[in-house]
Amino acid sequence: MDPLIGAAVAAWVAWISILVVIHLPWRLPVRGLRRAGGAALAVLAASILGAPFPMWASLLVLAGGVIMATAWRGAAAP
Amino acid sequence: MRLYGMKKEADALSAPAAAAAGMPLDRHGAPGPAMCGGSDRRRDRATDPVEGDAHGIIAPRRRRAPTDLPAAAQGNGEGNVPPDWGDVLLPDDQLPVGIPAAARGAAPASAVFPDAAPANAVHANAADQARANLLMMTCLGAADGTILLLAATGRLASLAMAIVVGLTVVSGIGAWIAAYAAFGGRRPGRRDYSVLARMAGISIAATVAAAWLGVALGQAMTFHILPKAAGVVLFLVAAEVWGVRLPRPGHVPLPLAAIALAAVLEVLLWIP
């Protein structure tokens, strides 16, 4: 795939995810999401630097972190 | 509306004297609140620029003064409980000089206190700031060189990598939080979608332009340091997203400083 098309696809995917987030009916757990995003970016960086796991492993970390943060917030809410 | 001076004069009178003078009494038979209206606290908050609303002053309630009612209804100390009349209006010519027009209900507070930002203006500024944050977050990957380096090293050439980069670098947690702060919690309207479409266009154009520049650079030369610098920069961005306060050498964000240093080292490697 042409890298320019890949960049356009990446930006489209990003904005689709933003539209999904806007329509979420619950409040976002900001601190937990920041931790999840930081961990996912760290995994991506490690993959770029040559760590023995693929780049998409960062998506697993991101998804797991988001689910855990949301569940934690839901459990903590009265 | 505040009855300047009249409350003290009423307090100075005894209850019988006040009743004899035709002044309304409160529910305890003392002169004052029934005439001056409501509780003192409410009245003070309604006219105190410090404790008022965002305008500085809450518009006074216009109530009819109980001057044309029988004495029994005004509470004459015979067990009748007068109703809460709220604030008593005085003619403007009886108000002391110096009361702002807004305190008299003659003009909106914003006309008297132009420096006081209305509440809706404060909310509008917060919404504009959140939208600016969203645009900055979605363009940050293109601006700080991350997209450029990823494209230069050929990491945007597959669909899976493009999705990963889109969800972690182009948007990411910061963009999601900013988007929720700007548009979340309510049903977006047509104007919101128009703003989102414009921001998406800018963000996509910036991302593609950065990728084009990276591809052009990658085809023109072979990088030695910049591919590793991309990983280091992503580590720094990850630390910032996590919540670590990174130093800002020379008021420049550390990821940008790292990219600049890597570019300088890359150029130095070309020099024989």
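Residues numbered from 1 in each chain as written. Chains lettered and ligands numbered in written order. Predicted model: local features only at pLDDT ≥ 70, side-chain atom pairs only at ≥ 80, totals over all residues. Heavy atoms only, no water.

## Regarding the overall build of chain A
Helix and strand counts for chain A come out as three helices and zero strands. Shown N-terminal to C-terminal, the secondary structure of chain A runs as helices and strands in the order α-α-α. Across the 78 residues in chain A, those meeting the buried criterion constitute 42%. Accessible surface, chain A: about 4,100 Å² in total, of which carbon and sulfur atoms supply 74%. (Helix = DSSP H or I, 4+ residues; strand = E, 2+ residues; numbered from the N terminus. Buried < 20%, exposed > 50% of the residue type's maximum accessible area, 1.4 Å probe, protein only. Areas by Shrake-Rupley, 256 points an atom, 1.4 Å probe, with all protein chains shown as cover.)

## Re the overall build of chain B
Tallying secondary structure elements over chain B gives twelve helices and zero strands in all. In chain B, the succession of helices and strands from N to C terminus is α-α-α-α-α-α-α-α-α-α-α-α. Counting across all 272 residues of chain B, residues that qualify as buried make up 39%. Once local pairs closer than 6 in sequence are excluded, the contacts in chain B between residues at least 24 apart make up 62%. On chain B, roughly 14,600 Å² of surface is accessible, and the fraction owed to carbon and sulfur atoms is 62%. (Contact = heavy atoms within 4.5 Å.)

## Concerning the nonpolar core
Core analysis: the largest hydrophobic core is formed by 39 residues, its most contacted members being L41(A), L44(A), I147(B), L156(B), V165(B), V169(B) and L234(B). Going through the elements one at a time, α1 (3-22) and α2 (30-48) of chain A together with α8 (146-152), α9 (159-183), α10 (190-220), α11 (226-242) and α12 (254-270) of chain B are the ones with two or more residues in this core. At nine residues, the largest contribution of residues to this core is made by α11(B). Of all hydrophobic cores here, the second largest spans 27 residues; its members include I22(A), A40(A), L62(A) and L196(B). (Core = buried A, V, L, I, M, F, W, Y, C linked by side-chain atoms within 4.5 Å.)

## Digging into the pattern of salt bridges
All names here are of chain B. For the coordinates displayed, the defined rule picks out one salt bridge over all chains. Between D192 and R131 there is a salt bridge, and its shortest N-O distance comes to 3.3 Å. One end of the pair, D192, is in helix α10; the other, R131, is in helix α7 (residues 119-143), and 61 residues separate them in sequence. Owing to a relative accessible area of 8%, D192 belongs among the buried residues under this scheme. (Salt bridge = Lys/Arg side-chain N within 4 Å of Asp/Glu carboxyl O.)

## Observations regarding the interface of chain A and chain B
Every contact between the two is made by 44 residues of chain A and, on the other side, 53 residues of chain B. Taking both sides of the interface into account, the surface hidden between chain A and chain B amounts to around 4,300 Å²; carbon and sulfur atoms contribute 82%. By the criterion of area lost to chain B, the three top residues of chain A are W15(A), I22(A) and I48(A), representing 16% of everything that side buries. Between the two partners, chain A and chain B, sit zero salt bridges. Summed over the shared surface of chain A and chain B, the result is seven residue pairs in polar contact (both at pLDDT 80 or more). (Buried area = accessible area lost by both parts, 1.4 Å probe. Polar contact = N/O pair within 3.5 Å; in protein donor to acceptor, adjacent residues only side chain to side chain.)

## Topic: the confidence of the model for chain B
Residues and elements named next belong to chain B. Taken residue by residue, chain B gives an average pLDDT of 66. The fraction at 70 or more is 54%. In the model of chain B, helix α3 (residues 33-36) stands out as the element of lowest mean pLDDT, 42, in contrast to α10, which has the highest, 89. A low-confidence stretch, residues 25-90 (pLDDT under 50), is modelled with 119 contacts involving residues beyond four sequence positions or located in other chains. When the criterion is pLDDT under 50, residues 98-113 qualifies, and its contacts beyond four places in sequence or with other chains add up to 26 contacts. Predicted complex, confidence summary: ipTM 0.86, pTM 0.59. (pLDDT = per-residue confidence, 0-100.)

## Focus: the packing of α1(A) against α10(B)
Here α1(A) crosses α10(B) at 150 degrees, and the two axes come no closer than 8 Å. When the axis of α1(A) is compared with that of α10(B), the two are roughly antiparallel. Note that α1(A) runs across α10(B); the crossing there is right-handed. Note on element contacts: α10(B) touches α1(A) through Y193(B), L196(B), M199(B), A200(B), S203(B), I204(B), T207(B), V208(B), A211(B), W212(B) and V215(B), opposite P3(A), L4(A), A7(A), A8(A), A11(A), W12(A), W15(A), L19(A) and I22(A). (Axes fitted to C-alpha atoms, helices over the stretch in contact; angles between N-to-C directions. Parallel < 35°, antiparallel > 145°, perpendicular 65-115°, else oblique. Left-handed = near helix turned anticlockwise from the far one by under 90°.)

## Comments concerning α1(A)
With 20 residues, α1(A) extends 29 Å from end C-alpha to end C-alpha; this agrees with the ideal 28 Å at 1.5 Å per step. At the N-terminal end of α1(A), a side-chain oxygen is found 3.1 Å from the backbone nitrogen of L4(A), two or three residues along, and the residue is D2(A). (Expected span 1.5 Å × (residues − 1).)

## Focus on α10(B)
Taking 1.5 Å of rise per residue, 31 residues should cover 45 Å, and α10(B) covers 45 Å from first to last C-alpha, within 8% of that figure. For α10(B), every residue scored as buried is listed here: D192(B), V195(B), L196(B), M199(B), A200(B), S203(B), I204(B), T207(B), A210(B), A211(B), G214(B) and V215(B).

## Some details on the side chain of T207(B)
Looking at where T207(B) falls in the secondary structure, it is placed in helix α10. Setting aside residues up to four positions removed in sequence, T207(B) forms contacts with A7(A), A11(A), A142(B), I147(B) and V170(B).

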